[in-house]
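Given next are the chains, with one letter for each unit.
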Amino acid sequence: MKKTELMYEGKAKRVYATDTDGICIVDYKDDATAFNGAKKGTIVGKGVVNNRMSNRIMRMLEKHDIPTHLIEELSERETAVVRVSIVPVEVIVRNIAAGSLSKRLGIEEGTKLPSVVLEYCYKNDALDDPMINDSHAIAMGLATKEDLDTISAYALKIDEILIDFFAKLGIELVDFKIEFGKKPDGTIILADEISPDTCRLWDSITHEKLDKDRFRRDMGGVEDAYQEVMRRLTGE
Ligand code: UDP
């Protein structure tokens, strides 16, 4: 399989078409952005960590009957994935209050939420990814009612699986963002990535942040945090 043209370049990844029908290659970069691109930087080695971590997690989720876009890891930074059209809805799942939820609702960061919170945002940089609900998504034609039923059920199941998975690594899963894609036959599958860029991960004992908040909040130790998550994942 060979890369052909660059289809899309995002903040953290490039997506290439390939000479094989229905397959793309994702190439993970070290570029980091926050606050909708207002803050820019580099996290050395991030692309490698995110590629390998996302693939391990997706492989694991597949074993729990969550369909994903993952086909095959090709190199440190490159992975072959199923070509999908991304549903333009960011799905956020929260177990502990943090970030925008804490700010918006005045719930102190670190407060355990008595029940899981599921949020949708419209994927639109020009509008700053505004939060929407099911009826907005349906009215705007972003997804059908059936798509959202599938997506929410997968999101909650993924949360349960990941809470357990990270707990075994001494990590609390605070919240995360996932995206889904639609195959030409209409099937919904998990796409994009699951990494310290897209999850809040806190050490279970010290509550030290092991994720992109270290970059967002200029806390230092960003590279080390990504490597620490990778080290726990691989047991190296
Ligand atoms: N998140 C993400 N991409 C975004 C916005 C949020 O991956 O464009 C992730 C973020 O890393 C966190 C979760 O979604 O794990 C919830 O983020 P929040 O809404 O609190 O926004 P933030 O504080 O990151 O702006």
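Just so we're clear, the structure is a prediction, and the values are computed from it rather than from any experiment.

Reading guide: rules and limits
- Residues numbered from 1 in each chain as written.
- Predicted model: local features only at pLDDT ≥ 70, side-chain atom pairs only at ≥ 80, totals over all residues.
- Heavy atoms only, no water.
- Helix = DSSP H or I, 4+ residues; strand = E, 2+ residues; numbered from the N terminus.
- Expected span 1.5 Å × (residues − 1).
- Buried < 20%, exposed > 50% of the residue type's maximum accessible area, 1.4 Å probe, protein only.
- Pairing = 2+ DSSP bridges.
- Axes fitted to C-alpha atoms, helices over the stretch in contact; angles between N-to-C directions.
- Contact = heavy atoms within 4.5 Å.
- Phe/Tyr/Trp six-rings, centres within 6.5 Å; stacked < 30°, edge-to-face > 60°.
- Lys NZ or Arg CZ within 6 Å of the ring centre and 35° of its normal.
- Disulfide = S-S within 2.5 Å.

(A) Broad picture of helix H4 (residues 145–167). The first and last C-alpha atoms of H4 sit 33 Å apart over 23 residues, in line with the 33 Å expected at 1.5 Å per residue. Buried residues of H4: Asp147, Leu148, Ile151, Ser152, Ala155, Ile158, Asp159, Ile161, Leu162 and Phe166, and no others.

(B) Structural detail: the sheet that holds strand E3 (residues 23–28). The antiparallel open sheet is built from 5 strands, whose spatial order is E1-E2-E3-E7-E6. Every other strand in the sheet has two partners, leaving strand E1 (3–9) and strand E6 (70–73) as the edge strands with one partner each. Ignoring which end each strand starts from, the neighbouring axes of this sheet average 30° apart. Here E1 runs beside strand E2 (residues 13–18); their pairing, made up of 4 bridges, is antiparallel. Bridging from a neighbouring strand, Glu9 pairs with Arg14 of E2. In the packing of helix H1 (residues 46–63) onto the sheet, contacts are made with E3, E6 and strand E7 (78–82), and the angle to E6 comes to roughly 135°.

(C) Quick peek at the environment of Met7. Following the sequence through the fold, Met7 ends up in strand E1. In the structure, Met7 is positioned 123 residues away from Pro130 in sequence and 25 Å away in space, judged by C-alpha atoms. Beyond its immediate stretch of four places on either side in the chain, Met7 contacts Val15, Tyr16, Ala17, Cys24 and Arg83.

(D) Broad picture of the packing of aromatic side chains. This model, assessed by the stated rule, comprises 2 aromatic pairs. For the pair Tyr154 and Phe180, a centre-to-centre distance of 6.3 Å together with 20° between the ring planes defines the contact as stacked. Here the residue Tyr154 occupies a position in helix H4, and Phe180 occupies one in strand E12 (residues 171–182), the gap between them amounting to 26 residues. Over the ring of Tyr16 we find Lys3; its NZ or CZ atom is 4.4 Å from the centre of that ring. When the ring centre of Phe215 is taken as origin, the NZ or CZ atom of Lys39, which lies over that ring, is 5.1 Å away.

(E) Layout of the pairing of strand E14 (residues 199–203). Among the 5 residues in E14, 5 count as buried, and that is most of the element. Here E14 shows two buried faces, one formed by Cys199, Leu201 and Asp203 and the other by Arg200 and Trp202. In the sheet, E12 pairs with E14 via 5 bridges, with the strands oriented antiparallel. Residue pairing in the sheet places Ile171 in a bridge with Asp203 of E14.

(F) The arrangement of the state of the cysteines in detail. Evaluation of the coordinates by the stated rule reveals 0 disulfides. Of the cysteine sulfurs around Cys121, a residue in no disulfide, the closest is that of Cys199, at 15 Å. Overall, Cys121 belongs to the buried group, its relative accessible area being 8%. Looking at Cys199, the relative accessible area reads 3%, which means it is buried.

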